[in-house]
Amino acid sequence: MNKKDNSLYEFKPYDRKNPDTWDVLYLDNAIPVNLVSKTYMIRDLKSWTRSYLLLPIKVFANLALALILIVKRLLPFQFKFYTFMHRSAAFFLQNFVTPEACYLIVRHICLGSNLINFLIDNGPDRNIEKAALYPKTVSDLATQIAFLEHDLILYNFVWDYHQAEQKNPNWVAEVKQRGINFESIRDVSVDIDFTRRSWLRILDLESAIELFKVFYSLCLTCDEFERAVLSLQFDENFAMYMSKILESSEWNHIIRNRHPLAPNSTFNAARDLFLHGVMTEYIHRLLEIYKEQS
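Calculation notes
- Residues numbered from 1 in each chain as written.
- Predicted model: local features only at pLDDT ≥ 70, side-chain atom pairs only at ≥ 80, totals over all residues.
- Heavy atoms only, no water.
- Helix = DSSP H or I, 4+ residues; strand = E, 2+ residues; numbered from the N terminus.
- Buried < 20%, exposed > 50% of the residue type's maximum accessible area, 1.4 Å probe, protein only.
- Lys, Arg positive; Asp, Glu negative; His and termini not counted.
- Salt bridge = Lys/Arg side-chain N within 4 Å of Asp/Glu carboxyl O.
- Polar contact = N/O pair within 3.5 Å; in protein donor to acceptor, adjacent residues only side chain to side chain.
- Contact = heavy atoms within 4.5 Å.
- Axes fitted to C-alpha atoms, helices over the stretch in contact; angles between N-to-C directions.
- Parallel < 35°, antiparallel > 145°, perpendicular 65-115°, else oblique.
- Left-handed = near helix turned anticlockwise from the far one by under 90°.
- Nonpolar A, V, L, I, M, F, W, Y, C, P; charged D, E, K, R; others polar.
- pLDDT = per-residue confidence, 0-100.
- Phe/Tyr/Trp six-rings, centres within 6.5 Å; stacked < 30°, edge-to-face > 60°.
- Lys NZ or Arg CZ within 6 Å of the ring centre and 35° of its normal.
- Core = buried A, V, L, I, M, F, W, Y, C linked by side-chain atoms within 4.5 Å.

### Some points on the side chain of Asp-235
- Within the element layout of this structure, Asp-235 appears in helix H12 (residues 235-246).
- Although Asp-235 lies buried, it forms no salt bridge, and the closest oppositely charged side chain, Arg-258, sits 9.3 Å away as judged by the N-O distance.
- Engagement of the side chain of Asp-235 in a polar contact is seen with the side chain of His-276, the distance being 2.8 Å.
- Residues within four places of Asp-235 in sequence aside, it is in contact with Ile-255, Asn-257, His-276 and Met-279.

Structure follows, in structure tokens:
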């Protein structure tokens, strides 16, 4: 059983002359989102650290990132510390980041695996190796080297998927004939202890990402870091893959991370990652709706 508060969002008394931004946003269902996730997303957005610390954190993070990338490009060698990076990330999340943000991070990794597996189940080759990355706790992020593995799963899938398309150009007709398989679009289990709070566990999700991108750039080679940042712009590609299977592109407008052939600056990595998490929640919920209607 998850150690989290499953109560739904609590509304304030509505004031028509002074409506609460977050109450209105929670109620709006134009783009459906899992309600538990949406509750934690809005709690995170309301965090005081986002209001007061995010901007100075961004300035510090970008200055530090510039220094690291310049020094690493000038060095005659590259170094990487995968295990140390993930253990440090888990320690940072467990001690300085709110449980709401931790929940959303762990859940995001699981949703990513669901989406990859959905595309394999309904793609040109159902024998492509499926994603098996389903952490339940923050500690699992370290033991499973989850952040690096998440990126590798993405790139290897895109490579295998397009190799399979060339071998089986009629695969869309085959999927249409056998019907869409939604088995991979399933609930994920995340175990975050929401009672474990302290005066240090204050950072909101985007502030935490801004700080961690600095450490991420330090512990990876420059090419690995740039590869990870560019992967965020694959959201558009994945939306197109989904559209081909569902024969519908009516919701592709929600995708904001686009155009991987025009790479964004690495200094935008935290914001792009934050958007990537929101896009993943959107796409997964839309596929859940398709599954319910099938």
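Further notes follow.
### Focus: the side chain of Thr-39
- Tracing the backbone shows Thr-39 in helix H2 (residues 35-45).
- Apart from the residues lying within four places of it in its own chain, the contact partners of Thr-39 are Leu-8, Tyr-9 and Tyr-26.

### A word on the packing of helix H6 (residues 99-121) against helix H8 (residues 146-167)
- Put simply, H6 and H8 touch, their axes get as near as 11 Å, and they point 15° apart. On the basis of the axis angle, H6 is roughly parallel to H8. The handedness of the crossing between H6 and H8 is left-handed. Contacts from Ile-105, His-108, Ile-109, Gly-112, Ile-116, Leu-119 and Ile-120 of H6 reach H8 at Ala-146, Phe-147, His-150, Ile-153, Phe-157 and Tyr-161.
- Residue composition of the contact of H6 with H8, by class: ten nonpolar, three polar and no charged.

### A closer look at the confidence of the model for the protein
- In the predicted model, the protein carries a mean pLDDT of 94, and the fraction of residues at 70 or more is 98%.
- The secondary-structure element of the protein with the lowest mean pLDDT is helix H1 (residues 21-27), recorded at 93, while H6 shows the highest, at 98.
- Every residue in residues 1-6 scores below 50 in pLDDT, and together they form 17 contacts with partners more than four places removed in sequence or on other chains.

### Quick notes on helix H11 (residues 222-231)
- Those residues of H11 that sit buried are Cys-222, Glu-224, Phe-225, Ala-228, Val-229 and Ser-231.
- Close packing links the buried residues of H11 with helix H4 (54-74), helix H5 (82-96), H8, helix H10 (205-219), H12 and helix H13 (269-293).

### Here we look at the packing of aromatic side chains
- Taken as a whole, this structure holds 23 aromatic pairs when the rule is applied.
- Relative to Tyr-26, the ring of Phe-11 lies with its centre 5.7 Å away and its plane at 75°, an arrangement referred to as edge-to-face. Highlighted residues: Phe-11 in the segment before H1 and Tyr-26 in helix H1, separated in sequence by 15 residues.
- For Tyr-26, a relative accessible area of 8% gives the class buried.
- An angle of 70° between the planes, with centres 6.3 Å apart, marks the rings of Phe-91 and Phe-96 as edge-to-face.
- Grouping aromatic residues by their ring pairs yields a cluster made of Phe-84, Phe-147, Phe-212, Phe-215, Tyr-216 and Phe-225.
- One cation-aromatic arrangement involves Lys-38 over Tyr-26; the distance from NZ or CZ to the ring centre is 5.7 Å.
- Directly above the aromatic system of Phe-79 lies the positively charged group of Lys-72, at a separation of 4.5 Å from the ring centroid.

### Digging into the nonpolar core
- Ranked by size, the top nonpolar core spans 81 residues in total, and within it Phe-118, Leu-141, Phe-157 and Phe-238 carry the most contacts.
- The greatest single-element share of this core, amounting to 14 residues, is contributed by H6.
- The residues contacting Phe-118, other than those within four sequence positions of it, are Ile-180, Asn-181, Phe-182, Ser-184, Ile-185, Met-242, Ile-245, Leu-246 and Leu-287.

### Concerning the environment of Leu-69
- Examined against the element boundaries, Leu-69 turns out to sit in helix H4.
- The class for Leu-69 is buried, based on a relative accessible area of 15%.
- Expressed as a C-alpha distance, the spacing of Leu-69 and Leu-211, which sit 142 residues apart in the sequence, is 15 Å.

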